[in-house]
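# Architecture at a glance
Now for the letters of each chain:
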Amino acid sequence: MVIETLVGLALAAGPVERRELLGYSVRGRPIHALEVGDPQGTRRVLVVGCIHGNECAGTAVTRLLANSAIPADADVWIVHHLNPDGFRLGVRQNARGVDLNRNFPAGWRPLGQRWDPTYSGPEPLSEPESRLARRFILRVQPALTIWFHQPQTNVRAWNRRDSQAARRYARLVGLPFRRLPVPPGAATRWQRRVFPMARTFVVELPPGPLSARAARRHAAAIRSLTRSEFAISEPASRISSSAFSESPGWTSTPRTASSITVTSKPSRRASSTLDFTQ
């Protein structure tokens, strides 16, 4: 992996900021993670600004978070765009028409066909973006993960453990909390299986761009949860043994944009089935 050290002394306590190349999208676009805070901290948080290419208002929060003071003893990882191809195309799916949030192994099942809103891909972890996310999360082992989506305007989680953190976040930002089932193949469902003692939930922002004031409110809520008991890392022994035996055969060799084409026309149609999905 390529790690570029950007800032070594951002705060008086000696936190670091570094940018790490996680891998490449279907079309060869780089996907980075930014680490801010204390790498040796006991509080480890991951925030993903965008996994669906047409639901990227959360990047306003992650970019603000990346440029703000991080609570002491906290190691915060930020991924602005997990789906850069979808963002460039203006669609939910990646460049192969797969919904990345239906492509993780937990509860995966065949759903739809290419360019359907919730097409789950030919098999779990069939997409380079979901594979690199899996590798990255297994290595970082965040105690708390927040995934931004749109446009349902709520904070959602399913089980009791995740709901505790999600409810507090909802109160801090002034959004309703909704206890909703996690879709098959969703990233949060996979994290729940692999890290049963961690917490992960979804923030559904309203449609359209996020105002500067709202972005500040969400960034402040993340910093608040980072200081809470929800962000304290559990021992590595709590990881599920099945986490390392769920990936199909694949190669990590990056492909360039010039060598890959989209074989079907992207669909931008909305679907009523998305009302209760993330």
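A brief report on the enclosed structure follows. (Residues numbered from 1 in each chain as written. Predicted model: local features only at pLDDT ≥ 70, side-chain atom pairs only at ≥ 80, totals over all residues. Heavy atoms only, no water.)

### Let's talk about the overall build of the chain
What counts, and what does not: Helical segments are the DSSP runs of H or I of at least four residues, strand segments are the runs of E of at least two, and each set is numbered from the N terminus. Three labels apply to residues, based on accessible area from a 1.4 Å probe with only protein chains included: buried if under 20% of the type maximum, exposed if over 50%, partly exposed otherwise in between. In this description, contact between two residues means that some pair of their heavy atoms is separated by no more than 4.5 Å.
When helices and strands are tallied, the chain shows 6 helices and 9 strands. Per-residue burial over the chain gives 56% buried out of 278 residues. Expressed as a percentage of contacts within the chain between residues at least 6 apart in sequence, the contacts between residues at least 24 apart total 71%.

### Let's talk about the pattern of salt bridges
Definition in use: Any Lys or Arg side-chain nitrogen located within 4 Å of an Asp or Glu carboxyl oxygen qualifies as a salt bridge.
Per the counting criterion, the structure on display carries 11 salt bridges. The shortest N-O distance in the salt bridge between Asp-75 and Arg-44 comes to 3.8 Å. Taken together, the positions of Asp-75 in strand S5 (residues 74-79) and Arg-44 in strand S4 (residues 43-48) put the pair 31 residues apart, joining distant regions of the chain. Look at the salt bridges and you will find they share partners, linking Arg-18, Glu-20, Glu-35 and Arg-139 into a network.

### Here we look at helix H3 (residues 128-140)
An α-helical turn contains 3.6 residues, so a residue and the one three or four places further along point in the same direction. For clarity, the threshold we go by: Expected helix span is given by 1.5 Å per residue-to-residue step, counting one fewer step than there are residues.
Its 13 residues give H3 an end-to-end C-alpha distance of 18 Å, which sits within 8% of 18 Å, the value for a rise of 1.5 Å per residue. Within H3, 11 of the 13 residues are buried, which leaves the element mostly enclosed by the surrounding structure. Buried within H3 we find Pro-128, Glu-129, Ser-130, Arg-131, Leu-132, Ala-133, Arg-134, Phe-136, Ile-137, Leu-138 and Val-140. One or two positions beyond H3, positive phi appears at Gln-141, with a value near 50 degrees.

### Considering the side chain of His-149
Mapped onto the fold, His-149 is located in strand S6 (residues 144-149). Excluding anything up to four places from it in sequence, His-149 contacts Ile-51, His-52, Glu-55, Asn-101, Val-202, Val-203, Glu-204, Leu-205 and Gln-278.

### Topic: the packing of helix H4 (residues 160-173) against helix H6 (residues 212-226)
Condition: Think of each axis as a best-fit line through the C-alpha atoms, taken over the contacting stretch in the case of a helix, with angles from 0 to 180 degrees between the N-to-C directions. Comment on the angle field: the value is read as roughly parallel under 35 degrees, roughly antiparallel over 145, roughly perpendicular from 65 to 115, and oblique elsewhere. Crossing chirality is assigned from the near helix's rotation relative to the far helix, an anticlockwise turn below a right angle marking it left-handed and a clockwise turn marking it right-handed. Asp, Glu, Lys and Arg are counted as charged, while Ala, Val, Leu, Ile, Met, Phe, Trp, Tyr, Cys and Pro are counted as nonpolar; the rest, among them Gly, fall into the polar class.
Orientation of H4 relative to H6, taken along the N-to-C sense of each, is 140 degrees, at an axis distance of 9 Å. In terms of their interaxial angle, H4 and H6 are classed as oblique. The handedness of the crossing between H4 and H6 comes out as right-handed. Two secondary-structure elements touch here, H4 through Ala-165, Arg-168, Tyr-169, Leu-172 and Val-173 and H6 through Arg-217, His-218, Ala-221, Ile-222, Ser-224 and Leu-225. When its residues are assigned to classes, the contact of H4 with H6 shows 7 nonpolar, 2 polar and 2 charged.

### Description of unusual backbone geometry
The omega torsion of the bond from Gln-150 to Pro-151 falls at 5 degrees, within 30 degrees of zero and hence cis. Here Pro-151 is to be found in the loop between S6 and strand S7 (154-157). Even without glycine at this site, Gln-141 takes up a positive phi of about 50 degrees. With respect to the secondary-structure elements, Gln-141 resides in the loop between H3 and S6.

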